[in-house]
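Per-entry structural report
Listed here are the chains, written in short residue letters.
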Amino acid sequence: WRRTHYSKEVVAEMNEQEVVLMGWVHSIRALGKLAFVILRDREGTIQLVVPKQKVSEETFEIAKKLGKEDVVAVKGKVVASEKAPNGFEIIPIEIRVLTKSNAPLPLDPAEKVPADIDTRLDHRFLDIRRPKIQALFKIRAEMLKSVRNTFNDNGFIEVNTPKLVASATEGGTELFPISYFEKEAFLGQSPQLYKQMMMAGGFDRVFEIAQIFRAEEHNTRRHLNEAVSIDMEMSFSDEYDAMDILEKVVYNSYKDIAENRADEIETLGINFEVPDKKFTKLTYSEAVDIANGKGVELEWGEDLSRAAEKAVGDEMGGLYFITEWPTITRPFYTMPYEKDNKICKAFDLMYKELEITSGAQRVHKYDLLVENISKMGMNPEGFGTYLEAFEYGMPPHAGFGLGADRFAMILGQEENIRECVLFPRDRQRLTP
Ligand code: ATP
Ligand code: AMO
């Protein structure tokens, strides 16, 4: 047998037509001479009606004995019926049980009230059978597809850079050390240095969608130890060019999801609004004023605290940039302003109180870069092959890193980043 239709492709107009459906037994109700079976596949659920006098004895016996989450193939006839929920029902001609499921289930995908998140993540494959979870991951996949399309349409080359690395990029504290034969190595916390080296390589515009690893010690609803970062870098460009591309990437994702994933939005029961094409730009100084105005203590030059992010997020709502950051709050590769080197050409994209992207124009001058690395207490000798790329013709360039998991969280309107990751990694969780 081959599947002829997914559940949602069957309609009343197919009256009398024969179909082959495949999926899981979502629920079963057996009355004396009649059984109702809800079959679930990737696209939804469909009802089989099994009346004893209209099907073979064998089919009726098989139907009666079905258990939750058994995997079945059903050949059946579509019968238009005014009584049925969607105007039709399926009367099976033959039911084949492909695999029996054990009972009781550690987690029932048909359960209206879901288990707590730890139980769900422990049995994630069962959790993912729930239509709501399927919808979230289809929306995430649509976002990734849209992001790739936007980059490709704007002349970006997709690259893959190593995740086994010799040094830190985002400050020395958040690395996972690993043993690499006789040497010490680390899991990559950002493709930062590689994407910049690609600018020296003349690729002009690159992007990468890949895992980043951070030994974040705190356990929050927006940090994971393994995350997916959407990174890009572009030459002969400044931070405003990078923000323009980011607006396109984000806006197109919303638009594509609204157009192609309406069913999933409905399954989630969310109010999904496509934002304006341009996002408000706020300077860091303005953000500090907003926070101070709301009673949050914060000195100019400090990184925004959680309280400050909340205060600014409340005021701004939705998507907005924060620009012109104090140079000391950003990594060594960030370009300071020529007119005032206490501020730099960095930006964050925020959604309410959540940072979803960091980016900047980069330092492309060798001497300034070496000076910055030393100033931040690191040894330039540790950056040998990266620094060499600045000695033989590095163009001015800019880029950003957009957190894919955080972006998925916002798109699906979820509060916990773990909801949007298949198998999340946090301090407590390394399996499944
Ligand atoms: P980045 O990607 O640049 O690290 P982020 O959004 O991950 O940004 P952090 O920089 O880690 O956020 O944190 C932002 C602010 O929130 C910082 O001031 C940090 O000290 C604070 N913060 C982070 N985690 C916690 C926590 N668990 N409890 C309280 N404050 C926290
Ligand atoms: P940054 O460290 O801000 O910048 O990371 C970029 C974006 O990645 C996401 N992110 C995370 N998501 C979940 N869990 C984490 N532990 C985590 N850490 C980061 C966030 C964040 O905004 N090299 C720069 C980018 C650049 O300038 O191009 C960088 O890594 O959404």
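Residues numbered from 1 in each chain as written. Chains lettered and ligands numbered in written order. Predicted model: local features only at pLDDT ≥ 70, side-chain atom pairs only at ≥ 80, totals over all residues. Heavy atoms only, no water.

1. Let's talk about the overall build of the protein
Check the secondary structure of the protein and you find 12 helices and 16 strands. Overall size of the protein, expressed as C-alpha extent along the three principal axes, is 85 × 55 × 40 Å. Counting all 432 residues of the protein, 50% fall into the buried class. A separation threshold of at least 6 residues defines the contact pool for the protein, and within that pool the share at least 24 residues apart is 65%. Carbon and sulfur atoms provide 49% of the accessible area of the protein, an area that totals close to 21400 Å². Taking the 56 positively charged and 71 negatively charged side chains of the protein as two groups, their mean positions are separated by 8 Å. (Helix = DSSP H or I, 4+ residues; strand = E, 2+ residues; numbered from the N terminus. Buried < 20%, exposed > 50% of the residue type's maximum accessible area, 1.4 Å probe, protein only. Contact = heavy atoms within 4.5 Å. Areas by Shrake-Rupley, 256 points an atom, 1.4 Å probe, with all protein chains shown as cover. Lys, Arg positive; Asp, Glu negative; His and termini not counted. Charge placed at Lys NZ, Arg CZ, Asp CG, Glu CD.)

2. Points about empty space enclosed by the protein
Under the counting rule described, the total for this entry stands at two cavities of 30 Å³ or more. Considering the residues around the largest cavity, the lining is formed by Leu 136, Phe 137, Ile 139, Arg 140, Ala 408, Leu 411, Gly 412, Glu 419 and Cys 420. Where the lining of the largest cavity is concerned, the elements lending two or more residues are helix H4 (131–153) and helix H12 (404–411). In terms of residues, the lining of the largest cavity owes the most to one element, H4, which gives four residues. Tallied by class, residues from the lining of the largest cavity come to six nonpolar, one polar and two charged. Space inside the second largest cavity adds up to approximately 30 Å³. At the level of secondary structure, the elements contributing two or more residues to the lining of the second largest cavity comprise strand E10 (205–213) and strand E11 (226–235). For the lining of the second largest cavity, the element with the highest residue contribution is E10, accounting for three residues. (1 Å grid on protein atoms, 1.4 Å probe; cavity = no way out; pocket = protein on both sides within 12 Å on 5 of 7 lines; lining within 4 Å. Points joined across faces, edges and corners; volume = space filled by probe spheres on them. Nonpolar A, V, L, I, M, F, W, Y, C, P; charged D, E, K, R; others polar.)

3. Side note on the sheet that holds strand E13 (residues 319–326)
As a general point, the strands of a sheet are linked pairwise by backbone hydrogen bonds and lie either parallel or antiparallel. Spatial strand order, E6-E10-E11-E16-E15-E14-E13-E12: eight strands in an open sheet with mixed pairing. Every interior strand has two partners, whereas the edge strands, strand E6 (157–158) and strand E12 (280–283), have only one. Pairing of strand E14 (residues 343–351) with strand E15 (residues 354–361), which is carried by six bridges, proceeds in the antiparallel orientation. For Met 350, the partnering residue across the bridge sits in E15 and is Glu 355. Sitting on the sheet, helix H8 (residues 284–293) is in contact with E12 and E13, with an inclination near 80 degrees to E12. Strand contacts of H12: E11, E14, E15 and strand E16 (397–403), with the helix running at about 135 degrees to E15, the strand carrying the most contacts. (Pairing = 2+ DSSP bridges. Axes fitted to C-alpha atoms, helices over the stretch in contact; angles between N-to-C directions.)

4. Focus on the site of ligand 2
Taken together, 23 residues surround ligand 2, and among them Gln 192, Arg 214, Glu 355, Ser 358 and Arg 362 come closest. A distance of 2.5 Å is found between an oxygen atom of ligand 2 and a side-chain nitrogen or oxygen belonging to Glu 355. Isolated, ligand 2 exposes 630 Å² of accessible area, and the fraction of that covered by the protein chains is 92%. Among the secondary structure elements, those contributing two or more residues to the shell around ligand 2 are helix H5 (192–200), E15 and E16. At five residues, E15 tops the list of elements feeding residues into the shell around ligand 2. The residue makeup of the shell around ligand 2, split by class, is six nonpolar, nine polar and eight charged. (Near = heavy atom within 4 Å. Polar contact = N/O pair within 3.5 Å; in protein donor to acceptor, adjacent residues only side chain to side chain.)

5. Let's talk about the packing of helix H6 (residues 239–260) against H12
In contact at an axis separation of 12 Å, H6 and H12 are set at 45 degrees when each is read in the N-to-C sense. On the basis of their axis angle, the class for H6 and H12 is oblique. In the crossing of H6 with H12, the sense of the turn from one axis to the other is right-handed. Of the residues in H12, those in contact with Val 250, Ser 253, Tyr 254 and Ile 257 of H6 are Phe 407, Ile 410 and Leu 411. Here the residues of the contact of H6 with H12 are counted per class, giving six nonpolar, one polar and no charged. (Parallel < 35°, antiparallel > 145°, perpendicular 65-115°, else oblique. Left-handed = near helix turned anticlockwise from the far one by under 90°.)

6. Focus: the domain arrangement of the protein
The domains assigned to the protein are domain 1 (7–99) and domain 2 (127–420). If you average the C-alpha positions of domain 1 and of domain 2, the two centres end up 48 Å apart. Between domain 1 and domain 2, the residue contacts involve six residues of the former and four residues of the latter. Around 450 Å² of area is buried between domain 1 and domain 2 when both sides are counted, 37% of it from carbon and sulfur atoms. Our count for the contact surface shared by domain 1 and domain 2 stands at two salt bridges. (Domains from an automatic or database assignment. Buried area = accessible area lost by both parts, 1.4 Å probe. Salt bridge = Lys/Arg side-chain N within 4 Å of Asp/Glu carboxyl O.)

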